[in-house]
Amino acid sequence: MNELSQYMDKIHTTPMGMKRIARNLNISNDAVMDICRGVIRRGHLTRRGKNDYVTDGNITLTIHHQALTIITAHKN
């Protein structure tokens, strides 16, 4: 578990981010936040500049540190 886990109720994404994450991970829009929350709970956190990068298995999330907004996700 990493320090972002304590802010799980505040972590969010935009409608455009939801579409981008679903497309990049090849999942439905309905599953986006559940999958992202799982990655955040289990993943390894790295901070670079204003963004946090959380990696779990073959998925990396990019999260704006101050706004707690999930910007995008990629398969590694």
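Here the structure is a predicted model, which means the values were calculated and not measured.

About the thresholds
- Per-chain numbering applies: the sequence of each chain, read as written, is numbered from 1 onward.
- Per-residue local features of the predicted model are confined to residues with pLDDT of at least 70, and side-chain atom pairs are confined, for both listing and counting, to 80 or more; whole-chain, interface and lining totals are unaffected and use all residues.
- Each side-chain value is derived from all of the structure's non-hydrogen atoms; neither hydrogens nor water enter the calculation.
- In this scheme, a residue with accessible area under 20% of its type's maximum is buried, one over 50% is exposed, and one in between is partly exposed, where area comes from a 1.4 Å probe on protein chains only.
- Here a helix means four or more residues in a row that DSSP labels H or I, a strand means two or more in a row labelled E, and each is numbered from the N terminus.
- Should any heavy atoms of two residues lie within 4.5 Å, those residues are considered in contact.
- The criterion for strand pairing is that DSSP finds at least two bridges linking the strands in question.

Caption draft 1: Helix α2 (residues 32–42), seen in detail. Listed as buried for α2 are V32, M33, C36, G38, V39 and I40. Check the buried side of α2 and you find it contacts α1 (15–25), β2 (51–56), β3 (59–64) and β4 (69–75).

Caption draft 2: A look at the pairing of β2. Judged from the five bridges that link them, strand β1 (residues 44–48) and β2 form a sheet pairing that is antiparallel. If you follow H44 over to β2, its bridge partner there is T55. As consecutive antiparallel partners, β1 and β2 are separated by two residues, and within that stretch G49 has a phi angle of approximately 65°, a positive value. One ladder, built from six bridges, connects β2 with β3; its direction is antiparallel. Bridge pairing links D52 to I63 in β3. Taking the residues between adjacent antiparallel strands as the criterion, β2 and β3 are bridged by two residues, where G57 takes a positive phi near 65°.

Everything listed is a geometric property; what it means functionally is a separate question.
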